[in-house]
Amino acid sequence: AKRESWSLREGDISKVRKRLERKPPSVERTKGSEVLFGIAPCYLALSQSRRDMFRLFLKQSNSSQRLVMSEFVLQATARGVPVHHVKRRELDALCRGQVHQGVCLEATPLRFKSLEEAEKPDLGDGESPNRQLIWLVLEQIQDPMNLGALLRSAYFLGVDRVVTSQKNSCPLTPTVSKASSGAMEVFDVYSTDDLRSFLKAKSAEGWEVVGTVSKPEEVENVPVISCLEFHWTKPVIIVIGSEGDGLSLETQLLCHRMLAIPPGRALHPGIESLNVSVATGILLHSICSQKLRQGD
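Residues numbered from 1 in each chain as written. Predicted model: local features only at pLDDT ≥ 70, side-chain atom pairs only at ≥ 80, totals over all residues. Heavy atoms only, no water.

### Re the nonpolar core
Membership of the largest hydrophobic core comes to 31 residues, with the highest contact counts inside it found for Leu136 and Val162. For this core, the secondary structure elements donating two or more residues are β6 (134-138), α5 (144-157), β11 (236-240) and α9 (276-295). Element by element, the count of residues in this core is highest for α9, at five residues. Contacts of valine 162, omitting those with residues within four sequence positions, involve Leu136, Leu138, Leu151, Ala154, Phe187, Asp188, Val189 and Tyr190. (Core = buried A, V, L, I, M, F, W, Y, C linked by side-chain atoms within 4.5 Å. Buried < 20%, exposed > 50% of the residue type's maximum accessible area, 1.4 Å probe, protein only. Helix = DSSP H or I, 4+ residues; strand = E, 2+ residues; numbered from the N terminus. Contact = heavy atoms within 4.5 Å.)

### Some remarks on the sheet that holds strand β5 (residues 113-114)
Whether parallel or antiparallel, the strands of a sheet pair through hydrogen bonds between backbone atoms. Strand order in this open sheet of eight strands is β5-β8-β7-β6-β11-β9-β12-β10, and the pairing throughout is parallel. The sheet is open, and its two edges are formed by β5 and β10 (224-226), each paired on a single side. Alignment of β10 against strand β12 (residues 257-260), held across three bridges, turns out to be parallel. Within β12, the position partnered with serine 226 by the bridge is alanine 260. Against the sheet, helix α7 (residues 195-204) contacts β6, β7 (161-165), β8 (189-192), β9 (208-212) and β11, and its axis sits at roughly 160° relative to β6. (Pairing = 2+ DSSP bridges. Axes fitted to C-alpha atoms, helices over the stretch in contact; angles between N-to-C directions.)

### Concerning unusual backbone geometry
Backbone geometry at glutamine 140 places phi at a positive 60°, although glycine is not the residue there. By the secondary structure assignment, glutamine 140 is in the loop between β6 and α5. A relative accessible area of 23% means that glutamine 140 is categorised as partly exposed. Residue serine 181 is not a glycine yet carries a positive backbone phi of 55°. Within the element layout of this structure, serine 181 appears in the loop between α6 (174-179) and β8.

### Examining the packing of helix α2 (residues 39-48) against helix α3 (residues 66-78)
Running from N to C, α2 and α3 point in directions that differ by 25°, and their axes come no closer than 9 Å. The orientation of α2 relative to α3 falls into the category roughly parallel. When you trace α2 past α3, the crossing you get is left-handed. On α3, the residues touching Ile39, Cys42, Tyr43, Leu46 and Ser47 of α2 are Val68, Glu71, Phe72, Gln75 and Ala76. (Parallel < 35°, antiparallel > 145°, perpendicular 65-115°, else oblique. Left-handed = near helix turned anticlockwise from the far one by under 90°.)

### Brief notes about the confidence of the model for the protein chain
Residues with a pLDDT of 70 or more make up 83% of the protein chain, whose mean pLDDT is 85. Low pLDDT (under 50) marks residues 19-25, which in the prediction has eight contacts with non-local residues, meaning those over four places away or in another chain. In the predicted structure, residues 121-126 sits below a pLDDT of 50 and forms 15 contacts with residues beyond four places in sequence or in another chain. (pLDDT = per-residue confidence, 0-100.)

Shown next as structure tokens:
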């Protein structure tokens with residue numbers, strides 16, 4: 001009986017220990033804050049100071065990360081942001097199990113900018129009316145990984161401005177920042193609650209509005225060409241549709257042309273399209289490389 005009683009107590013202790021190990025420690029968050037995670041988003045957020053920042057959390061470092069962490073401490077100290085060295089489990093809890101790379105930053109969220117906030121709504125920073133301009137417009141992109149990848153490609157390839165529809169679109173979350181490898185922290189993203197009026201206005205200003213489509217046969221009343229045939233001769237807006245449905249019919253009809261990516265082989269049914277962020281990267285490179293060639 002004594003052995004059985006001891007065994008039960010030992011089993012209970014083991015259960016409690018496992019329960020405690022599973023339960024992450026709680027860190028009380030500042031009201032209205034969110035937690036950025038990952039080296040690039042946190043470092044760029046600190047360096048840009050576009051957010052109000054409350055606390056920086058760093059994993060109790062080993063020798064391989066000591067140099068990276070010391071740079072974070074310098075950045076945070078310069079901006080008066082308190083630094084907390086914590087265990088990995090606390091970081092896991094802060095960002096709900098996302099890949100944090102040993103860094104989390106508690107800060108205020110980034111918001112979309114309205115087009116009215118821009119000093120020159122028709123031009124970007126340092127732009128002249130004669131310079132080739134390219135804007136990327138996103139209609140109802142809902143997946144944060146896709147939005148982040150789109151922002152990363154747009155920033156890298158030289159897009160002048162990104163505009164997203166307010167309706168049914170993903171907000172600028174920490175997941176978006178991580179997927180953008182921090183591009184969201186340095187690249188303004190604009191939003192409009194009336195995408196169609198915006199496209200009509202830009203068209204009236206002389207911009208070419210170009211849509212995108214994965215299946216050319218599904219487009220009516222708008223000419224469809226290969227992205228390889230597109231020649232960039234005026235300011236251009238590239239409009240990208242949602243992950244599942246693509247561009248709405250109303251938006252398609254506001255486009256002067258539609259671009260398609262020609263496949264490299266006969267496609268098996270069910271694998272007839274690309275991920276939206278991959279397709280956008282291909283289209284943007286095809287167009288933006290014309291600007292590079294003309295600048296040579």
